[in-house]
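Letter by letter, the chains look like this.
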Amino acid sequence: MILDAREYWYDTGINVSDLSSLRLSASGLITWNPGQNNAIAPPEGVKDRPRDFRGTGFPDYNERCGALLMKIGNTIYTAGSNMSIDLSGVNGDETVKLMVNDSD
């Protein structure tokens, strides 16, 4: 799938209720802050954050800007380019949502 970096919690339609684990692989680049500094970010995000992101609308202000995030229910995970997760503790009928860690 192709994820638009401007998408706010893109619902993949993947339901985790019947899964015991999930593996995610991502590749590509996003342009962070286009028209200003045009920083390029891989799925792991930009290493050097220009400032503290608290109160700025970032879904995870502790994580790198531009990082790929995954959300299941109300829990946010840092996905980056490659992650595996045990879903045995996930309850309910939840879907996997993806978002680039950004405030726009």
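Please read these numbers as outputs of a predicted model, since none were measured by experiment.

(A) Inspection of the layout of surface pockets at higher detail. Reported here for the largest pocket is a volume of approximately 430 Å³. Residue lining of the largest pocket: 24 residues in total, with Met 1, Leu 3, Ala 26, Ser 27 and Leu 68 positioned closest to the centre. Counting only elements with at least two residues in the lining of the largest pocket, the list comes to β1 (10-15), β2 (21-25) and β8 (95-100). Ranked by residues supplied to the lining of the largest pocket, first place goes to β2 with four residues. Partitioned by chemical class, the residues of the lining of the largest pocket number 17 nonpolar, five polar and two charged.

(B) Quick peek at the environment of Lys 97. Along the chain, Lys 97 turns up in strand β8. Expressed as a C-alpha distance, the spacing of Lys 97 and Ile 72, which sit 25 residues apart in the sequence, is 6.5 Å. In this structure, Lys 97 is in contact with Trp 9, Tyr 10, Asp 11, Leu 69, Met 70 and Lys 71, ignoring residues within four places of it in sequence. Polar contacts involving the side chain of Lys 97 include one to the side chain of Thr 95, which spans 3.2 Å.

(C) View of the side chain of Thr 95. Tracing the sequence through the fold places Thr 95 in strand β8. In terms of polar contacts, Thr 95 uses its side chain to reach the side chain of Asp 11, at 3.0 Å. Setting aside chain neighbours within four positions, we find Thr 95 in contact with Asp 11, Gly 13, Ile 14, Asn 15, Lys 71 and Ile 72.

Reading the values: the criteria
Residues numbered from 1 in each chain as written. Predicted model: local features only at pLDDT ≥ 70, side-chain atom pairs only at ≥ 80, totals over all residues. Heavy atoms only, no water. 1 Å grid on protein atoms, 1.4 Å probe; cavity = no way out; pocket = protein on both sides within 12 Å on 5 of 7 lines; lining within 4 Å. Points joined across faces, edges and corners; volume = space filled by probe spheres on them. Helix = DSSP H or I, 4+ residues; strand = E, 2+ residues; numbered from the N terminus. Nonpolar A, V, L, I, M, F, W, Y, C, P; charged D, E, K, R; others polar. Contact = heavy atoms within 4.5 Å. Polar contact = N/O pair within 3.5 Å; in protein donor to acceptor, adjacent residues only side chain to side chain.

By themselves these figures say nothing about function.
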